[in-house]
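Residues per chain are reported as follows:
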Amino acid sequence: MSQLPHLHEASAHHADASRPSAPAAGRVVIVSASVGAGHDGAADQLALRLAGSGHTVDRWDFLDLVPAGLGPLVSECYRRLLTVAPSAYQRIYSSTESTGRPGALIRLIQRSTHRKLLRALPPDTRAVVATYPIAGQVLGTLRSRGRLAVPAAVYLTDFSVHPLWVAPGVDLHLATHPVPAEQARAHGAERVAVAGPVVDPRFTPTTETLRTAARARFGLPPGAPLALLVAGSWGVGEVARVAAEVRATGAAVPVVVCGKNRALAERLRADGVEHAFGWVEDMPGLMHACDVLVQNAGGLTSLEAFAGGLPVVSYRCIPGHGLTNAAALDQAGLAPWVRDPADLAAVLTAMVDGPTGRRYREAGLALHRDASGPAEAIAAIAAGSSGAVRAAGGSPAVPSSGSAPALPDSASSPALPADAAPPVHAGPPPLIPAQRRRPDRAATPTRASAPTPRRPDHRPDHRPERRPDRRPGRRVGLAVAALSATAWLSTAGTQLAVAYGGFDAVDAGRTGRAFLVVHPPHGGHLDDATLRALSAVQAAVSVDTDEAAADPAEVRRFAAAGLTLVNAGYGPPYQSGIVTRRDSVEAGADALRSATGASSSFFLSSRDVDALDLGLAAYHREHLVVPDLRIACGSAVTPQLRPGQIVLVECGGADPAELTTTMNRLLTSHRPPRLGALTSLS
């Protein structure tokens, strides 16, 4: 590994945010993104430390800079990929990792934010910092084109570095450890400094007194070893599976934090996980109570655990950055990555009590103790900056002045231009060299026309007035048309295709049989005779999440009787569309798997399915079942069955005896056609 510059200072690893503020040291703008909690968490702590050293700090959420209010949609799409289509997210991550550049959609989002970001920067801005990779890409582009004239830095919040974290034109990339710093260099970063992590000062090593008090406060067993399971603010990953496996080892009692995923917390409690929490405000206290952290993403929570001396284990990590972060943490000697479930018990035992755990605790504490933090480097480049932020139509800022604290220089730093400000040792030239800037298109006359004369009201920088560019309008129109077509194809078009037996929907129309699906009564047990009768006519039984959670033993009886089980999501009216009950496919599949240990091959739905439903069903290897006819239990009218029908007998709110009566009437009174099993259609 090449020698990397470290930022050292013989002081405590946390800046004292409570100390009296020094005179204003200049304005720093931090651009984060509310995608999960890690990017914002790092930005919060950077802002706290910079403000404590006398800087004025502005915060921007990159998603707020995305036009047309589409930022939340970007975040939601990312969350959905992680929660319902992790394999698709892994493919996207691997693709961009190999190419080193974002896809067309991300590039469009980047370009659309340039002007708005420049306008968001006050004239007295001294430096801009990104804690989100796409924001860093935007800053790098603006610096390379000469449109941003103050230093830009990227703080790498991940422990592994995806190529999108490295932005040409950015003055300084700040890493938490030599491993991510070396990765950033390998991806082409010109200036990299190892600054260490930045976390809330409340994360401190525990004591026996703190541990006892925290366990009492959270209602945790006082003497048992506790494994804290975290899954980010969204509660993503195989959390329920990991909790069950940790509990089965006997090495520790699982304590699970589900973030904002309330449904996950409720499901865990229903599965017998006694200590399942939603969003926890006092995470330092909960870490004081526990003996080991089991994580799946390698984000901010792991850094917080290191600061508190809590050993960390990576296990069943989420795709993409979860896997690469686990590998980097393992390589750095900070957290072992358990790849084989058979090794989980031994690793947990060693981490809870033994020299291995103590060694990892010390490594985590040293990560914080041996670095001064990224705020020092950011303050340095802000103090050494000169020039101005030039937004579209804006005025140049007042040149800044000041001296920077001495920081070790990178051996590979390029020479400064002759007219640059005094050097800032950890960063590149405050201004991008002139030869790297692109000429202003409006200032260059075309071959077919004479130079545009200056108008009397020309801009303060004396550049000619630009002619309006209509291309962005056409691009927006094309984008809207494409999005509209995509939306129609993924909703109404999908529903039409499903209605005609396409897109992996079971199609009974070409058979001479009818197919029965029974939604059994809630809270009532079917007798053995009824189960045998249903099995004899090859009926399938649909099971919703409430039934699977309330009476898993009854669901197992259905399976033992040879009945085909169908995922019914949240139950009647079996909706799963774009507005209502979006996660019904996922919730039903998890509920059935928890109750029986096996997955279903079918998903029962109304006709409101869309492309995402199809993707979810495909991910769970389920075929869509859309009933042609519904019959209510106890109904006085029982319609004639016809070949090629899928018939749902709905008895969710009925008495078990009514199911028997309805089935007898259906099968004997109308001489139905031959009945078949759904499995014959898959």
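Sequence order as written defines the numbering, with residues in each chain counted from 1. Local features in this predicted model are restricted to residues of pLDDT 70 or higher, and side-chain atom pairs are both shown and tallied only at a pLDDT of 80 or more, whereas totals for entire chains, interfaces and linings draw on every residue. By convention in this description, side-chain values take in all heavy atoms of the structure and omit both hydrogens and water.

## As for unusual backbone geometry
Even without being glycine, R316 reaches a positive phi, approximately 45°. Relative to the helices and strands, R316 is located in the loop between β11 (312-315) and α13 (321-331). A positive phi angle is found at Q538, which is not glycine, with a value near 60°. Here a strand is any run of E in DSSP of at least two residues, a helix any run of H or I of at least four, and the numbering for each starts at the N terminus. Here Q538 lies in the loop between α19 (528-536) and β14 (540-543).

## Regarding the layout of surface pockets
Estimates place the volume of the second largest pocket at around 1200 Å³. Cavities and pockets are defined on a 1 Å grid built over the protein atoms alone: a cavity is a set of grid points where a 1.4 Å probe fits but cannot escape, while a pocket is an open set with protein on both sides within 12 Å along at least five of seven lines, and lining residues are those with an atom within 4 Å of any such point. As for the second largest pocket, its lining consists of 36 residues, of which G237, E238, E586, D590 and R593 are closest to the centre. Grid points are joined across faces, edges and corners, and a volume is the space filled by probe spheres set on the points.

## Description of helix α14 (residues 344-352)
Helical periodicity: at 3.6 residues per turn, an α-helix aligns residues three or four positions apart in one direction. The classification of residues rests on relative accessible area computed with a 1.4 Å probe and restricted to protein chains. Under 20% of the type maximum is buried, over 50% is exposed, and intermediate values are partly exposed. Considered for burial, the residues of α14 that qualify are L344, V347, L348, M351 and V352. Each buried residue of α14 sits inside an arc of 125° when the element is viewed along its axis, so together they form one side. Residues are treated as being in contact if the distance between any of their heavy atoms lies within 4.5 Å. Those residues of α14 that are buried are in contact with α9 (239-249), β10 (292-295), β11, β12 (337-338) and α15 (355-369). Positive backbone phi, at 150°, marks G354, one or two positions downstream of α14. It is the directions from the helix axis to the C-beta atoms that the arc portrays.

## Observations regarding the sheet that holds strand β4 (residues 152-155)
Pairing is parallel in the open sheet, where six strands are placed in the order β2-β1-β3-β4-β5-β6. The strands lining the two open edges of the sheet, one partner per strand, are β2 (56-61) and β6 (192-194). Mean inter-strand twist for the sheet, computed between neighbouring axes without regard to direction, equals 25°. Two strands form a pair only when DSSP identifies at least two bridges running between them. Sheet topology note: the strand β1 (residues 27-32)/strand β3 (residues 125-130) ladder contains five bridges and is parallel. Its bridge partner being in β3, I30 is matched across the sheet by V129. Helix axes are fitted only over the stretch in contact, all axes being lines through C-alpha atoms; the angle between N-to-C directions runs from 0 to 180 degrees. Helix-sheet contacts for helix α1 (residues 38-52) involve β1, β2, β3 and β4, and the interaxial angle to β1 is about 170°. Against the sheet, helix α7 (residues 178-186) engages β5 (172-175) and β6, with an angle of about 175° to β6.

## Some thoughts on the sheet that holds β12
Across the sheet, six strands lie side by side as β9-β8-β7-β10-β11-β12; this open sheet has parallel pairing. The outermost strands of the open sheet, each flanked by one partner alone, are β9 (276-277) and β12. For β10 and β11, the ladder comprises three bridges, and the chain directions are parallel. When the sheet's bridge partners are listed, L293 is paired in β11 with V312. Where helix α12 (residues 300-307) meets the sheet, it contacts β7 (226-230), β10 and β11, and its direction lies at approximately 165° from that of β10.

## Comments concerning the pairing of strand β8 (residues 253-257)
Note on strand geometry: in a regular strand, side chains alternate between the two faces of the sheet. Counted residue by residue, β8 has four buried out of five residues, so it is predominantly covered. The sheet contact formed by β7 and β8 spans five bridges and is parallel. Within the sheet, the bridge partner assigned to L226 lies in β8 and is V253. Viewed with both strands pointing away, a crossover whose connecting path from the first strand over the helix to the second turns clockwise is right-handed. One crossover worth recording links β7 to the parallel β8 by way of α9, and it is right-handed. Relative to β9, β8 is paired through two bridges, and the arrangement is parallel. The residue bridging V256 from the neighbouring strand is A276, located in β9. As a crossover connection, the stretch from β8 through helix α10 (residues 262-270) into β9 is right-handed.

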